[in-house]
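# Chain and residue survey
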Amino acid sequence: GFFQSYAVEVDVKDASNATCLYAKWMMRFLITYETNSSDYKNTTLDLSSSVTHNGSVCGSDTQAALLAVQFGEGHSWSVNFTKNNETYQGDFVTFTYNTNDTAVFPDAKRKGPITIVVKDTMHPVQLNNVFVCHSTDFLEAENVTQIFWNVTVQAFVQNGTIGKKESRCRADTPTSAPTVLPTTANVTAASTTTLSPAPTTAPKPVENPDTGNYSLKSGNKTCLLATVGLQLNVSQDKPILININPKTTSADGTCGNTTATLKLNDGNSTLIAF
């Protein structure tokens, strides 16, 4: 079939009406969902011609920048950027799709919004540089493949002026083949042949997870404290138990006036956000 795609351009302004976060890109989502007859269907979700960017945030030395867009019948996508000394990079990508959109999810068994959170694979970029990637990139999580191409983004823009120096992704080389518009066929092939991680044998977890102490600071003040032991029960081909090890887990996140986010990363691609 023919899929209509639109380029998204977001120019976030600060209080002085100067650009602080800029992005222009194209994206598409390949989603597998269960129907009322208990079989599974693949569907493609594209951006509509009308996209809003409510909730986008400039960011600062102590607060992550947030690029957020909303489109279609209750779908949304966002990525937050963190700054570290002289660089910035993407942190987490959050995608919410709404199966109440019957045009995209006919006969869906599960109704309502479903949220997927995945670690961004973007490498650190020098401040004042623009990140550019024309090649197609993929992010996979659960039953969703996110596809991006023709990406231009700069977070923490200085003095309201977009940088002139580009930081290109590794896939953008002089010998790279021209960008091929993703379709259900080539996305499925790419995800099964190049992106599936090699099978690993996880060590058998202890019965009870160790208790960890995690905290966040806002400036010089601690704004969030959590003492918790965490065990994940992941149902894939067979149930897998994963204990979160406090000794190898780092805490990140943000505190606001009405919301706080705690993100835990065990360094082994296990990411949890509260």
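All residue numbers refer to positions counted from 1 along the written sequence of the respective chain. Residue-level local features of this predicted model are given only where pLDDT is at least 70; pairs of side-chain atoms are given and counted only at 80 or more, and the full residue set underlies all totals for whole chains, interfaces and linings. For the side-chain quantities, the full set of heavy atoms in the structure was used; hydrogens and water were omitted.

With an unreviewed UniProt entry as reference, the chain is termed Lysosome-associated membrane glycoprotein 2, source organism Podargus strigoides. UniProt positions are given in the numbering used here, feature names are shortened, and annotations may be inferred rather than shown by experiment. Its UniProt record, at the heading Sequence similarities (unreviewed entry), says of the chain: "Belongs to the LAMP family."

Working definition: a disulfide is two cysteine sulfur atoms within 2.5 Å of each other. Counted under the stated rule, the structure contains 3 disulfides. Through a disulfide, Cys20 is tied to Cys58; the S-S separation comes to 2.0 Å. Handedness here is read from the sign of the S-S torsion; for Cys20 and Cys58, about -70°, the answer is left-handed. With a gap of 38 residues between them, Cys20 in strand E2 (residues 19-34) and Cys58 in the loop between strand E4 (51-52) and strand E5 (65-71) connect regions that are remote in the sequence. Runs of H or I in DSSP of at least four residues are treated as helices and runs of E of at least two as strands, each being numbered from the N terminus.

On to the environment of Gly74, then. On the secondary structure map, Gly74 appears in the loop between E5 and strand E6 (75-84). The sequence separation of Gly74 and Asn100 amounts to 26 residues, and the corresponding C-alpha distance is 8.3 Å. In contact with Gly74, other than residues within four places in its own chain, are Thr96 and Asn98. Throughout, a contact is declared for two residues whenever any of their heavy atoms are within 4.5 Å.

Quick look at the confidence of the model for the chain now. Here the chain averages 83 in pLDDT, while 83% of its residues score no lower than 70. The pLDDT value expresses, per residue, how confident the predictor is, ranging between 0 and 100. Note on residues 183-196: pLDDT under 50 across the span, and 19 contacts to partners over four residues away in sequence or across chains.

Moving on to the nonpolar core. What is meant by a nonpolar core is a set of buried Ala, Val, Leu, Ile, Met, Phe, Trp, Tyr and Cys residues, joined one to another through side-chain atoms within 4.5 Å. Accessibility here uses a 1.4 Å probe with only protein chains present; expressed as a share of the type maximum, an area under 20% marks a residue as buried, one over 50% as exposed, and anything in between as partly exposed. Counting 45 residues, the largest nonpolar core has Trp25, Trp77 and Phe81 as its most contacted members. No other element matches E2, which puts 8 residues into this core. If we ignore the near neighbours within four places in the chain, the residues touching Phe81 are Leu21, Ala64, Ala65, Leu67, Tyr88, Gln89, Gly90, Met122, Val153, Ala155 and Phe156. Formed by 9 residues, the second largest nonpolar core is a distinct cluster that contains Ala226, Ile244, Leu264 and Ile272.

For the rest of this paragraph, the subject is the pattern of salt bridges. The salt bridge criterion pairs a side-chain nitrogen of Lys or Arg with a carboxyl oxygen of Asp or Glu, the two atoms within 4 Å. Counted according to the given criterion, the structure contains 8 salt bridges. For Glu34, the salt bridge is made with Lys109, and the minimal N-O distance between the two is 3.7 Å. Here Lys109 lies in the loop between strand E7 (87-98) and strand E8 (113-119) and Glu34 lies in strand E2, a separation of 75 residues in the sequence. On the basis of relative accessible area, Lys109 is assigned to the partly exposed category, the value being 45%. The shortest N-O distance in the salt bridge between Glu166 and Arg168 comes to 3.2 Å. Arg168 gets classed as partly exposed once you look at its relative accessible area, which sits at 42%. Overlapping salt bridges bring together Asp91, Lys119 and Lys263 as one network.

In this structure, Thr87 sits in strand E7. On the accessibility criterion, Thr87 (18% relative accessible area) is buried. Excluding anything up to four places from it in sequence, Thr87 contacts Thr82, Pro124, Val125, Gln126 and Leu127.

So, about the sheet that holds strand E18 (residues 250-255). In space, the 3 strands of this open sheet follow the order E18-E19-E20, with antiparallel pairing throughout. Both outer strands of the open sheet, E18 and strand E20 (271-273), are each paired with one neighbouring strand and no more. For this sheet the average axis-to-axis angle between neighbouring strands, irrespective of direction, equals 15°. Where E18 lies against strand E19 (residues 260-265), 6 bridges are found, and the strand directions are antiparallel. Note that in E19 the partner of Gly253 across the bridge is Leu262. DSSP bridges decide pairing: two strands pair if at least two such bridges lie between them. Simply put, an axis is a line fit to the C-alpha atoms, just over the touching stretch for a helix, and the angle between two N-to-C directions goes from 0 to 180 degrees.

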